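# What the coordinates show
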Amino acid sequence: MMQRQINIKDRINQHIQDNMSIYTFTIVLFLMGIIFGSIVVNSLPGEAKQNLFNYLQRFFGEMAGKNGIVPTAMFSESYTHYIQYIGFIWILGLSIIGLPVIFILLFLKGIVVGFTVGFLVNQMGFHGFWLALASVFPQNLVIIPLFIIVSTTSIAFSLKMIRQLLMRTRKQPLLPQFSYYMMLLMGVASILVVVALFEAYVSPVLMRSILS
């Protein structure tokens, strides 16, 4: 058991060292998306901001009413959304032409996070900051690293396939690498269950305590 843990740790360290440049690029790209999303909030016209805020008020009204949000439905919706998004990135990593799309999806995820937090703070001030802290920060503390890990691994796997096609040197078998790639998706899918449970059962309670 101890030897297996050491092997897993060594494999993770080796993975990070081998793909450090890609990790740096994906993190910078994601941060650029967050910055861009926060800038978009300030550039929105007043009418658009008011319409969005009215929608948020209705959502918060349902949340505060305790009967408007069904945890099981929220869990199913959250998990489906996350697994589809990450699964799509994983599938794109199996193709060469999907490489630019991974960059776009990662950038868009950063925009969504930056816009959500920026809009709440812009419209609600200090209360918006606490709402963002309760509704956005906890699950994204796990989701964002997962997105970066899956995106980086997908990019690395796609680049390996490109090198296999273009280079005439001795080719390495892709099957073992694909097995690890599949195990990554299964591991992420299991973690997303916990994240979706938190978002469905814990996050609404935190939001209600702030809204009240």
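Residues numbered from 1 in each chain as written. Predicted model: local features only at pLDDT ≥ 70, side-chain atom pairs only at ≥ 80, totals over all residues. Heavy atoms only, no water.

### Description of the overall build of the protein
Scanning the protein from N- to C-terminus turns up seven helices and zero strands. Listed by position from the N terminus, the elements making up the protein come as α-α-α-α-α-α-α. Scored against the burial criterion, the 212 residues of the protein give a buried share of 37%. A separation threshold of at least 6 residues defines the contact pool for the protein, and within that pool the share at least 24 residues apart is 81%. Accessible area of the protein: about 12,700 Å², with a carbon and sulfur share of 70%. (Helix = DSSP H or I, 4+ residues; strand = E, 2+ residues; numbered from the N terminus. Buried < 20%, exposed > 50% of the residue type's maximum accessible area, 1.4 Å probe, protein only. Contact = heavy atoms within 4.5 Å. Areas by Shrake-Rupley, 256 points an atom, 1.4 Å probe, with all protein chains shown as cover.)

### Here we look at the packing of aromatic side chains
Taken as a whole and assessed by the stated rule, the structure comprises nine aromatic pairs. Considering the side-chain rings of Phe-75 and Tyr-79, the 6.2 Å spacing of their centres and the 15 degrees angle between planes classify their relative orientation as stacked. In this pair, Phe-75 and Tyr-79 are both assigned in helix H4 (residues 71–92), four residues apart and thus about one turn of the helix distant. For the pair Trp-90 and Phe-178, a centre-to-centre distance of 6.1 Å together with 50 degrees between the ring planes defines the contact as tilted. (Phe/Tyr/Trp six-rings, centres within 6.5 Å; stacked < 30°, edge-to-face > 60°.)

### Thoughts on the packing of H4 against helix H5 (residues 99–135)
Taken N-terminus to C-terminus, the directions of H4 and H5 make an angle of 155 degrees; their axes are 9 Å apart at the nearest point. Overall, the two elements H4 and H5 adopt an arrangement that is roughly antiparallel. In terms of crossing hand, the pair formed by H4 and H5 is left-handed. Together, Tyr-85, Phe-88, Ile-89 and Leu-92 of H4 and Val-101, Ile-102, Leu-105, Leu-108 and Lys-109 of H5 make up the contact between the two elements. (Axes fitted to C-alpha atoms, helices over the stretch in contact; angles between N-to-C directions. Parallel < 35°, antiparallel > 145°, perpendicular 65-115°, else oblique. Left-handed = near helix turned anticlockwise from the far one by under 90°.)

### Section: the confidence of the model for the protein
Averaged over all residues, the pLDDT of the protein is 83; the fraction at 70 or higher stands at 89%. Looking at the elements of the protein, mean pLDDT is at its lowest for helix H1 (residues 2–18), recorded as 69, and at its highest for helix H2 (residues 20–43), recorded as 92. (pLDDT = per-residue confidence, 0-100.)

### Quick notes on the nonpolar core
One finds Ile-86, Ile-89, Phe-147, Val-188 and Leu-192 to be the most contacted residues of the largest nonpolar core, which totals 25 residues. Among the elements of the structure, H4, H5, helix H6 (137–166) and helix H7 (175–211) are those that each provide at least two residues to this core. Here this core gets nine residues from one element, more than from any other, and that element is H6. Once residues lying within four places of it in the same chain are set aside, the contact partners of Ile-89 are Ile-102, Leu-105, Phe-147, Val-150, Ser-151, Ser-154 and Tyr-181. Grouped together as the second largest cluster of nonpolar side chains are ten residues, Val-41, Leu-120, Leu-131 and Ala-134 included. (Core = buried A, V, L, I, M, F, W, Y, C linked by side-chain atoms within 4.5 Å.)

### Things to note about the side chain of Thr-153
Tracing the backbone shows Thr-153 in helix H6. Among the polar contacts listed, one links the side chain of Thr-153 to the backbone oxygen of Ile-149, at a separation of 2.7 Å. Setting aside chain neighbours within four positions, we find Thr-153 in contact with His-15, Tyr-181 and Leu-184. (Polar contact = N/O pair within 3.5 Å; in protein donor to acceptor, adjacent residues only side chain to side chain.)

### Quick word on a nonpolar patch on the surface
Residues Val-121, Phe-126, Phe-129, Trp-130, Leu-133, Phe-137, Leu-141, Val-142 and Ile-191 make up a contiguous nonpolar surface patch of about 820 Å² in total accessible area. Listed by contribution, the elements that provide at least two residues to the nonpolar patch are H5 and H6. Topologically, Phe-137 is positioned in helix H6. (Patch = residues over 30% accessible without salt bridge, like charges linked within 9 Å, V, L, I, M, F, W, Y side chains within 5 Å. Salt bridge = Lys/Arg side-chain N within 4 Å of Asp/Glu carboxyl O.)

### Things to note about the packing of H5 against H6
At their nearest, the axes of H5 and H6 sit 10 Å apart, and the two run at 170 degrees to each other. The angle between H5 and H6 places the two elements in the roughly antiparallel class. Between H5, through Leu-99, Ile-102, Phe-103, Leu-106, Lys-109, Val-113, Ala-132, Leu-133, Ala-134 and Ser-135, and H6, the contact on the second element is made entirely by Phe-137, Pro-138, Gln-139, Asn-140, Ile-143, Phe-147, Ser-151, Ser-154, Ile-155, Ser-158, Leu-159 and Ile-162. Of the residues belonging to the contact of H5 with H6, the class tally is 15 nonpolar, six polar and one charged. (Nonpolar A, V, L, I, M, F, W, Y, C, P; charged D, E, K, R; others polar.)

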